[in-house]
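# What the coordinates show
If you want the building blocks of each chain, they are given just below.
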Amino acid sequence: QKVAAISSLEPDAIIFFNPGFSCPDYDWSNALSAASSYRDAKPFIITTNTEMEGFADIKILLDAGYIDKRSLPSEILVAVDDGEDGKPTCNDEADDRTFFLNENPYAGLRIRQSGTMANDLYVKNRWILGGLFNGGENKHNNTKSKRNILEEDDGSDRKQKKARKGNNACTTKTKKENPALI
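Overview of the structure. In this text the structure is predicted, and so the values were computed from the model without any measurement. (Residues numbered from 1 in each chain as written. Predicted model: local features only at pLDDT ≥ 70, side-chain atom pairs only at ≥ 80, totals over all residues. Heavy atoms only, no water.)

## Focus on the sheet that holds strand β3 (residues 100–103)
- Here four strands make up an open sheet; going across it, the order is β1-β2-β6-β3 and the pairing mixed. Both edges of this open sheet fall to β1 (14–17) and β3, since each of them pairs with a single strand only. The average angle at which neighbouring strand axes cross in this sheet is 15°, direction not considered.
- The strands touched by helix α3 (residues 51–63) within the sheet are β2 (42–48), β3 and β6 (127–133), with β2 carrying the most contacts at an inclination of about 145°. (Pairing = 2+ DSSP bridges. Helix = DSSP H or I, 4+ residues; strand = E, 2+ residues; numbered from the N terminus. Axes fitted to C-alpha atoms, helices over the stretch in contact; angles between N-to-C directions. Contact = heavy atoms within 4.5 Å.)

Here it is as structure tokens:
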């Protein structure tokens, strides 16, 4: 009886600490499917070590349909190469502010060196993003892992998106303003 009662409970929020959705070594499809399987959309928080990793995680969640494109601010859509026809609106009033990507004010201060790239320094969980997982009628449309997506990608539309990106009206943080890009 207790097991049945516990399994029927829904979380108030879902938190991932540095999951690495964009890393092909990990398959998060079961966990993400479970997170978006609730009747109502559930708030989530995800921490990442770098801003670039945060954008990559957003892209994975967006491409797999776990988050709704309409909930993302236009500048984030541009940064993950998903602006409508490469022309975001940049209208802050029209953007749904239930989604965010910022520096984590609660991150530690210890600077670490990457085990794979000697000149890469980072602070664990330095960036935080959050929003709502799709729930109910807005179920995800794709349960492929990052590895499967990479294996199927022939790179044909990357050139088109790269060409569009140069014409965007919105800009994201530059290397000078972002310690993760130094």
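## Focus: unusual backbone geometry
- Backbone geometry places Asn 18, a non-glycine residue, at a positive phi of 45°.
- Counting through the fold element by element, Asn 18 comes out in the loop between β1 and α2 (29–35).
- The exposure class of Asn 18 is partly exposed, given its relative accessible area of 22%.
- Residues other than glycine seldom take positive phi values, yet Asn 125 does so here, at roughly 55°.
- Tracing the backbone through its elements, the reader meets Asn 125 in the loop between β5 (121–122) and β6. (Buried < 20%, exposed > 50% of the residue type's maximum accessible area, 1.4 Å probe, protein only.)

## Some thoughts on the pairing of β6
- Among the seven residues in β6, six count as buried, and that is most of the element.
- As paired elements, β2 and β6 share seven bridges and run antiparallel to each other. Paired with Ile 46 across the bridge in β6 is Leu 129.
- Summarising the sheet, β3 and β6 pair through four bridges and their orientation is antiparallel.

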